[in-house]
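# Analysis of the macromolecular model
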Amino acid sequence: MNVRPSLLSLLVYVGFVLFTSAAIAETTITVEVHSDQPGATIHRNIYGQFMEHLGRGIYEGVWVGEDSKIPNKNGYRKDVVKALKALEVPLLRWPGGCFADEYHWRDGVGPRDQRPVTINTTWGGVSDDNAFGTHEFFELAEMLDAEVYINGNLGTGTPREMAAWLEYMTAEGESTLANLRRANGRDKPWKVDYFAIGNEAWGCGGTMTPDYYANLYKHYATFAKTPENNRPIMIASGGHTEQTEWTQTLLEQVPNTWSLRMNAISHHYYTLPTGDWDKHGRALAFGENEWFSTLKNTLRIEEFIKANIAIMDKLDPEKKVGFYVDEWGTWYDVEPGDNPGFLYQQNTIRDAVLTGMNLNIFHQYAERVQMTNIAQMVNVLQAMILTDKEKMLLTPTYHVFKMYIPFQDATAYPVSISGDKGYRFGEESIPGISASAAKSKDGKLWLALVNTHPSEAKSVSIATAGKLRTAKGQLLTSAAMDAHNTFDSPESVQPKEYKAKAKDGSLILDLPAKSVVVVELK
């Protein structure tokens, strides 16, 4: 008579043990913040933005003109400018990109109704009336209180043209170009914070070899002169993806002297779900196979950074030269019906998770990686903002950038992750948790966590040198892998308040599947 109750008790006990074991397994992931080991400063320009004359990235996206029915101030969309101000954009890169090497700056100055109409042969073969030029770019940067990064035209320009543009922007005294700037409405010189000699010299910037470009860099940079108090940080166009030869050649061949400076080398890497430029992968309606492959491919950026830094540490041990990832982000197939030259794509929770993963990597290498520029700011590739005429929405990527604002100019702390069994798909796996920690300028301790798994929640125990009581911040997640905001439902994916309290001396953070969490630790 006691067999059945005993068997039932045994089954209940076994079930309890299995449940308890599963619960314990969920809490065995530990993230330790080494708050007693301050590292490099996370430069605010790691959160740099990029705007190019490409599709609706500038025209309609930012600039609509004073006569537009879309609410604007001096031609700039009020809604977009307001959103960018809230994002605390630290840096704007312009005019490209590939477009930079066909851009002639004189086309974009003077009365707008007298500017020439040119053909954008790089992106879609559309006409550009040059309404957005040097003055308009600097005015936008001043509205956002952002530094500027300008790409000079190496591909179709001349040393004289590049030198003249710099004189137009920075000359203080009497000269024909300085007076032309004044006649066009700007009395005082602008501050040019960063200036690059060309862009993607290995491809759209001229299909050059590293040796050939190194000689051209020295040629052009010799004449890229500005007043002593307005000398930009000079950037050389480097390699992409796994390439290291550009970094090595430039460091070996370009002397870093007072008159010929090379303060940084750029590098580009775009994440494709398939890794195949002939068929990138879809922005929407993708399966877990492309969720996984996208995140797996984006993690490769760390190996590219490490390989280039190893060369830099050998050839530039004093660390005078920065490594700028000035183009990064996702690149998906063009949606049916879209102009293939406009590179417009939707932006999902997958992009948000990927953004957090990349930012955490950049923080880890902040000593060398002092600038990155996501491609691009509005309506192009992995954009912060999408517009459709008078409509506007903020993307999941925008929300992650905003959540990460406390990391701008913060002091990085090393982070150790233990107990993470990873996210396995088929025979492959990637880390299940991505993390980054730093002390912000106001002395607060911040932690960013990313759960890369699309369907499994994770529980993470947080440890520091001191005792933790609470975590408070924001959480971004969604139910579907391709959840995104639309113009009819612009707030489908947005951050929510997140709180956690220590219990029995332990601070446990529960991370939903496919989530990004940024919290202040106390």
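In what follows, the accompanying structure is described. Just so it is clear, the model here is predicted, and its values are computed rather than measured.

With that settled, consider the overall build of the protein. Each helix and strand counted, the protein has 11 helices and 27 strands in total. Relative to the compact-globule value of 24 Å for 522 residues, the protein shows a C-alpha radius of gyration of 25 Å, a close match. Taking the principal axes of its C-alpha atoms as reference, the protein extends roughly 105 × 55 × 45 Å. Residues classed as buried in the protein amount to 55% of the 522 residues present. For the protein, the computed accessible surface area is about 22,100 Å², with 52% contributed by carbon and sulfur atoms. Both charge centroids of the protein, one from 51 positive and one from 63 negative side chains, sit 6 Å from each other.

This part covers the layout of surface pockets. Estimates place the volume of the largest pocket at around 470 Å³. The wall of the largest pocket is formed by 21 residues, among which N360, I361, Q364, S434 and A435 lie closest to the centre. Sorting the residues of the lining of the largest pocket by element identifies α10 (349–364), β17 (410–413), β18 (415–418) and β21 (433–439) as the ones contributing at least two each. Tallied by class, residues from the lining of the largest pocket come to 12 nonpolar, 7 polar and 2 charged. Estimates place the volume of the second largest pocket at around 400 Å³.

Once that is clear, we can look at α10. With 16 residues, α10 should cover 22 Å at 1.5 Å per step; its first-to-last C-alpha distance of 23 Å lies within 8% of that length. The element α10 is extensively covered by neighbouring structure, given that 15 of its 16 residues are classed as buried. Two or three places before R350, at the start of α10, stands the capping residue T348, its side-chain oxygen 3.1 Å from that residue's backbone nitrogen.

Let us look at the packing of α10 against helix α11 (residues 396–403). At their nearest, the axes of α10 and α11 sit 7 Å apart, and the two run at 35° to each other. Our pair here, α10 against α11, has a crossing hand that is right-handed. Across the interface between the two elements, I349, D351, A352, T355, G356 and L359 from α10 touch P396, T397, V400 and F401 from α11. A per-class count over the contact of α10 with α11 returns 6 nonpolar, 3 polar and 1 charged.

Moving on, we come to the pattern of salt bridges. Enumeration over the complete set of coordinates arrives at 22 salt bridges. Note that K444 and D442 form a salt bridge whose closest N and O atoms lie 4.0 Å from each other. Through salt bridges that share partners, E66, R112, R115 and E136 make up one connected network.

Moving on: the nonpolar core. Soluble globular proteins: nonpolar side chains tend toward being buried together. In this structure, M51, L92, I197, Y213, I305 and Y404 are the most contacted members of the largest nonpolar core, which totals 120 residues. The element best represented in this core is α10, accounting for 8 residues. Other than its neighbours up to four places away in sequence, M51 contacts I58, V62, L92, R93, W94, P95, G96, F132, F137, L140, Q376 and M377. Counting residues in each nonpolar core, the second largest holds 23 residues, with V31, V33, L475 and L521 among its members.

One pass over the full model with this rule turns up 1 disulfide. Each sulfur of the disulfide joining C98 and C204 lies 2.1 Å from the other. Every disulfide takes its handedness from the sign of the S-S torsion; for C98 and C204 that torsion is -85°, giving left-handed. In this pair, C98 is assigned in the loop between β6 (91–94) and β7 (118–120) and C204 in the loop between β10 (194–197) and α6 (210–222), connecting sequence segments 106 residues apart.

So, on to the packing of aromatic side chains. Inspection of the entire model under this criterion finds 25 aromatic pairs. A centroid spacing of 5.6 Å and a plane angle of 70° characterise the contact between W94 and Y103, whose relative ring orientation is edge-to-face. Grouping residues by exposure puts W94 and Y103 together as buried. For the ring pair Y404 and F407, a centre distance of 5.3 Å and an interplane angle of 35° mean the geometry is tilted. In terms of burial, Y404 and F407 fall into one category: buried. Cluster of aromatic residues (ring-pair linked, three or more members): W63, Y76, W94, F99, Y103, W105, F132, F137, F138, W165, Y168 and W190. The ring of F50 carries the charged tip of R93 above its face, separated from the ring centre by 4.4 Å. Between R350 and the ring centre of F286, over which it is positioned, the NZ or CZ distance is 3.6 Å.

On the basis of which strands lie adjacent, the open sheet formed by 7 strands has the order β2-β17-β21-β22-β27-β24-β25 and antiparallel pairing. With one partner strand each, in any of the chains shown, β2 (41–42) and β25 (496–501) form the two edges of the open sheet. Bridge count between β21 and strand β22 (residues 445–451): 7 bridges; the pairing is antiparallel. If you follow I433 over to β22, its bridge partner there is N451. Here α11 sits on the sheet in contact with β24 (470–476) and β27 (515–521), set at roughly 160° to β24.

Residues of β10 alternate between two faces, with Y194 and A196 on one and F195 and I197 on the opposite face, all of them buried. Where strand β9 (residues 147–152) and β10 come together, 4 bridges link them in parallel fashion. Bridge pairing in β10 links G152 to I197. The pairing of β10 with strand β11 (residues 233–236) spans 4 bridges and is classified as parallel. Paired with Y194 across the two strands is I233, which belongs to β11.

Conventions used here
Residues numbered from 1 in each chain as written. Predicted model: local features only at pLDDT ≥ 70, side-chain atom pairs only at ≥ 80, totals over all residues. Heavy atoms only, no water. Helix = DSSP H or I, 4+ residues; strand = E, 2+ residues; numbered from the N terminus. Rg over C-alpha atoms; globule rule 2.2 N^0.38 Å. Buried < 20%, exposed > 50% of the residue type's maximum accessible area, 1.4 Å probe, protein only. Areas by Shrake-Rupley, 256 points an atom, 1.4 Å probe, with all protein chains shown as cover. Lys, Arg positive; Asp, Glu negative; His and termini not counted. Charge placed at Lys NZ, Arg CZ, Asp CG, Glu CD. 1 Å grid on protein atoms, 1.4 Å probe; cavity = no way out; pocket = protein on both sides within 12 Å on 5 of 7 lines; lining within 4 Å. Points joined across faces, edges and corners; volume = space filled by probe spheres on them. Nonpolar A, V, L, I, M, F, W, Y, C, P; charged D, E, K, R; others polar. Expected span 1.5 Å × (residues − 1). Polar contact = N/O pair within 3.5 Å; in protein donor to acceptor, adjacent residues only side chain to side chain. Axes fitted to C-alpha atoms, helices over the stretch in contact; angles between N-to-C directions. Left-handed = near helix turned anticlockwise from the far one by under 90°. Contact = heavy atoms within 4.5 Å. Salt bridge = Lys/Arg side-chain N within 4 Å of Asp/Glu carboxyl O. Core = buried A, V, L, I, M, F, W, Y, C linked by side-chain atoms within 4.5 Å. Disulfide = S-S within 2.5 Å. Phe/Tyr/Trp six-rings, centres within 6.5 Å; stacked < 30°, edge-to-face > 60°. Lys NZ or Arg CZ within 6 Å of the ring centre and 35° of its normal. Pairing = 2+ DSSP bridges.

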